[in-house]
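Each chain, letter by letter, is given below.
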Amino acid sequence: MPEIATISYPESKKNDEANSSHGNGNGVVQLNASQPENAAQNRPEWSNKLEFLMSCISMSVGLGNVWRFPFTAYENGGGAFLIPYLIVLFVIGRPLYYLEMALGQFTSRSSVKIWEVSPLFKGIGIGQLVGTTSVVSYYVSLIALTLHYIFASFASELPWATCKDNWADNCVDSSLVVNEMRDSNSTSGQKVSSSQIYFLDIVLKEKDSIDDGIGAPDWKLTLWLSLAWVVIFLVLVRGVKSSGKVAYFLAIFPYVVLIIILVRALTLEGAVDGVIFFIKPQWGELLNPKVWYSATTQLFFSLSVGMGSIIMFSSYNNFHHNIYRDAMIVTTLDTFTSLLGGMTIFSILGNLAHNLGIEDISKVVKSGTGLAFISYPDAIAKFDIVPQLFSVLFFFMLFVLGVGSAVALHGAIITAFWDAFPKRKYWHLALILSTIGFCTGLVYITPGGQWILDLVDHYGGTFLIYVLAIIEMVAIFWIYGLDNWCNDIEFMVQRRVGLYWRLCWGLITPLFMIAVFIYSLVEYKWPTYSGQQYPGEALICGIFVFIFGILQVLIWAVWTVTGHSTKESVWGKITKAAKPSSQWGPCTEHTRKAWLKYKEEAKSRRDDIIYAKNHSSIVRKLCVLFGMYDDFIQLDSTRL
């Protein structure tokens, strides 16, 4: 057995000279110590560690938890959705979240610039911007809806609490707390709550079909949309200097209101039936790949992985910040909030079923974006004491949740452009991109806007981001190498990479994602809206968004390869483009030198072990995957 190598970390972090020791199975990449362009010396940092954590919480804990999670669970059998969701959290959500947080902090760069790790895959960052832009474009339109409800709540009577004379004959007052009908002479058939009619017919003026177009934007919603974008711009105007200050409120306030609504909802008649529907699993659905795909895509949306916002936030961290702790806190809290939001929604749905005389809770209301804007208002209308106050608080909470996530997503886009054009002022880019976002968002406040929202969410916000995340995992762990990445992250956080992370990053997560994606293609069905088919032209537009985003990977790969010397063979160019550029690594000079020195020492120690043990290539890869070289390398445990 070779002599055990011992490495101790220096006592001071002042010069970022931290070293950790870990063996790997493959050779490390050879990089020079030249200072990267646009180094991080002038890059702003969070004022304190708590600002970063609160910003991540406000980003991940958003409308996806109280809007998208409940209706996704609703569409996938309630309790049948929870088990796949929790499993996916551990095999995909946490590994991806920790990966992206580490990527941003390690490089101090945006989601596009980090691909100096493998320039061949630069298109992943560009494609993710396409997906993030798709999400932001419709996300802010939902914030506009919350503003409408906030100001509508100041009326002497909540406008959706009771049915109006010119509304449908089968309308039932949402303010009713017992199972009775508004008009005993009403037509037979399924009853509809006044909150549902108000949202679909009064607020959205929704069309039953978009075969003849989507219509013109509603002027009132246009004003709310402009106000939403103004707020987002003001929060982002100074980057992390301004967004970090409001993160405390954006992260904490929503929980206070959500708990109040949940307590009230659980006291309503029939609420228990809704909760049982939510938590009782339908075991047969576990074999349905659609449920697993929905759980995976919901986790992507909720945690904001694959969208660049996590990378953007962590790029403003100190190099040695403890992101491991933060990643665990955020992913746990995000799941808790989703369960809290789901419990609230389904207790309300149980009460709705009770009031409408419907036994099957899955048929109470239309699923989709309107679920939160129908079920929550319906519950608030039943409040005996000042329902207007609770309505204002609730929709202000939704507004705060939406702004927190939108700031992160839009900030990721702005930061990517800022890194590309560092001489431009940040607020100039924020203003330009916010204006473009407002103009794009007008399409979602038309009578056919919700049709388009679901389509863009399916192809641009879900399908595209999911596929790019698969390519991201392959590029980092199968091209750059699990061994290289573990060395990098251990050098940065001074914490040994455990078996769970190695197995997930190197094997389980990418293979699981690929398997779910293949099954989703085999069982693929064209998207529908409320059970109705989209016209062919709309589907073509949705597919175009997806193809445009995916093509970025190919376009930039070709661009990178053709930029190399013509004397090399095509395969030589591809191989060279896949390797890290001289810009990859920590941005500050002293940290970069320490990192390069550490990589050389780690390679030397690993080679000594490999030669002494005469390990084959397969054995070396298995040793890296299972962290078996740790048996030969002793770290100073006081620094872990």
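Nothing here was measured: the structure is a model prediction, and the numbers come from that model.

1. So, the overall build of the protein
Counting secondary structure elements, the protein contains 20 helices and six strands. Counting all 640 residues of the protein, 61% fall into the buried class. Considering only contacts in the protein between residues 6 or more positions apart, those separated by 24 or more positions represent 84%. In the structure as shown, the protein presents an accessible area of about 25,100 Å², 63% of it carried by carbon and sulfur atoms.

2. Focus on the nonpolar core
Ranked by internal contacts, the top residues of the largest apolar core, which has 203 residues, are Tyr97, Trp485 and Trp505. Ranked by residue count, the leading element in this core is helix α15 (residues 449–493), at 26 residues. Setting aside its immediate chain neighbours within four residues, Trp505 contacts Pro95, Tyr98, Leu99, Met473, Phe477, Leu482, Trp485, Ile489, Val497 and Pro510.

3. Focus on helix α16 (residues 499–522)
Taking 1.5 Å of rise per residue, the 24 residues of α16 would be expected to cover 34 Å, and the 33 Å separating its terminal C-alpha atoms lies within 8% of that figure. The sharpest bend along α16 reaches about 50 degrees and sits at Trp505.

4. Regarding the environment of Leu50
Topologically, Leu50 is positioned in helix α1 (residues 49–60). Residues Leu50 and Ala247, 197 residues apart in the sequence, show an inter-C-alpha distance of 9.3 Å.

5. Description of the packing of helix α2 (residues 63–75) against helix α3 (residues 79–107)
Closest axis-to-axis distance for the α2/α3 pair is 7 Å, and the angle between their directions is 120 degrees. With respect to each other, α2 and α3 are oriented oblique. The chirality of how α2 crosses α3 is right-handed. Counting all contacts with α2, which are made through Phe69, Thr72 and Ala73, the residues of α3 involved are Phe81, Leu82 and Tyr85.

6. Let's talk about the pattern of salt bridges
For the coordinates displayed, the defined rule picks out six salt bridges. Across the salt bridge formed by Asp218 and Lys205, the nearest N and O atoms sit 3.1 Å from each other. Taken together, the residues span a long stretch of sequence, with Asp218 in the loop between α5 (194–203) and α6 (219–236) and Lys205 in the loop between α5 and α6 at a distance of 13 residues. With relative accessibility at 14%, the residue Asp218 sits in the buried group.

7. Concerning the side chain of Ser391
Mapped onto the elements of the fold, Ser391 is located in helix α13 (residues 387–420). With near-sequence residues (within four places) excluded, Ser391 lies in contact with Ser153, Leu158, Trp160 and Ile380.

8. Here we look at helix α9 (residues 289–303)
When the terminal C-alpha atoms of α9 are compared, their 21 Å separation across 15 residues agrees well with the 21 Å that a helix rising 1.5 Å per residue should span. Most of α9 sits inside the fold, with 14 of its 15 residues counted as buried.

9. Re the UniProt feature "binding site: Na(+)" (unreviewed entry) in the protein
Under the UniProt annotation, the feature "binding site: Na(+)" (unreviewed entry) is placed at Val61, Asn65, Ser302, Leu401 and Ser405. These annotated residues cover 345 residues of sequence, and their C-alpha atoms lie no more than 11.6 Å from one another, placing them together at a single site. Note that Ser302 resides in helix α9. Other than its neighbours up to four places away in sequence, Ser302 contacts Ser60, Asn65, Tyr85, Asp334 and Ser338.

10. Some remarks on the confidence of the model for the protein
Considering every residue of the protein, the mean pLDDT works out to 81; 85% of them sit at 70 or more. Strand β1 (residues 5–7) is the least confidently modelled element of the protein, averaging 31 in pLDDT, while α6 averages 94, the highest of any element. Taken as a whole, residues 631–640 scores under 50 in pLDDT and shows 33 contacts with residues more than four places along the chain or in a different chain.

11. Concerning the state of the cysteines
On inspection of all chains with the given rule, the structure shows one disulfide. The partner cysteine of Cys163 in its disulfide is Cys171, sulfur to sulfur 1.8 Å. Where Cys163 bonds to Cys171 through sulfur, the torsion about that S-S bond is close to -85 degrees, and the disulfide is left-handed. Comparing Cys163 with Cys171, the two get one shared label, buried.

12. Here we look at the packing of aromatic side chains
What characterises a pair of aromatic rings is the spacing of the ring centres plus the angle enclosed by the ring planes. Applying the stated criterion across every chain yields a total of 52 aromatic pairs. The interplanar angle of 50 degrees and the centroid separation of 6.1 Å between the aromatic rings of Phe249 and Phe396 together place this pair among those described as tilted. Taken as a pair, Phe249 in helix α7 (residues 240–266) and Phe396 in helix α13 lie far apart in primary sequence, 147 residues in all. Its relative accessible area of 29% is what places Phe396 among the partly exposed residues. Ring geometry for Tyr524 versus Trp526: centroids 5.7 Å apart, planes at 80 degrees, classification edge-to-face. The partly exposed category is assigned to Tyr524, whose relative accessible area is 28%. The ring of Trp167 has Lys164 sitting right over it, with the charged end atom 4.9 Å from the ring centre. When the ring centre of Tyr324 is taken as origin, the NZ or CZ atom of Arg495, which lies over that ring, is 3.8 Å away.

13. Considerations on a nonpolar patch on the surface
A cluster of nonpolar side chains, contributed by Phe151, Phe154, Leu227, Val230 and Leu234, occupies part of the molecular surface with about 490 Å² of accessible area. Tallying contributions element by element places α6 first for the nonpolar patch, with three residues. Within the secondary structure, Phe154 is located in the loop between α4 (122–152) and β2 (171–172). A relative accessible area of 58% places Phe154 in the exposed class.

Reading the values: rules and limits
Residues numbered from 1 in each chain as written. Predicted model: local features only at pLDDT ≥ 70, side-chain atom pairs only at ≥ 80, totals over all residues. Heavy atoms only, no water. Helix = DSSP H or I, 4+ residues; strand = E, 2+ residues; numbered from the N terminus. Buried < 20%, exposed > 50% of the residue type's maximum accessible area, 1.4 Å probe, protein only. Contact = heavy atoms within 4.5 Å. Areas by Shrake-Rupley, 256 points an atom, 1.4 Å probe, with all protein chains shown as cover. Core = buried A, V, L, I, M, F, W, Y, C linked by side-chain atoms within 4.5 Å. Expected span 1.5 Å × (residues − 1). Bend = angle between axes of the 7 residues up to and from the residue. Axes fitted to C-alpha atoms, helices over the stretch in contact; angles between N-to-C directions. Parallel < 35°, antiparallel > 145°, perpendicular 65-115°, else oblique. Left-handed = near helix turned anticlockwise from the far one by under 90°. Salt bridge = Lys/Arg side-chain N within 4 Å of Asp/Glu carboxyl O. UniProt positions renumbered as here; feature names shortened; annotations may be inferred. pLDDT = per-residue confidence, 0-100. Disulfide = S-S within 2.5 Å. Phe/Tyr/Trp six-rings, centres within 6.5 Å; stacked < 30°, edge-to-face > 60°. Lys NZ or Arg CZ within 6 Å of the ring centre and 35° of its normal. Patch = residues over 30% accessible without salt bridge, like charges linked within 9 Å, V, L, I, M, F, W, Y side chains within 5 Å.

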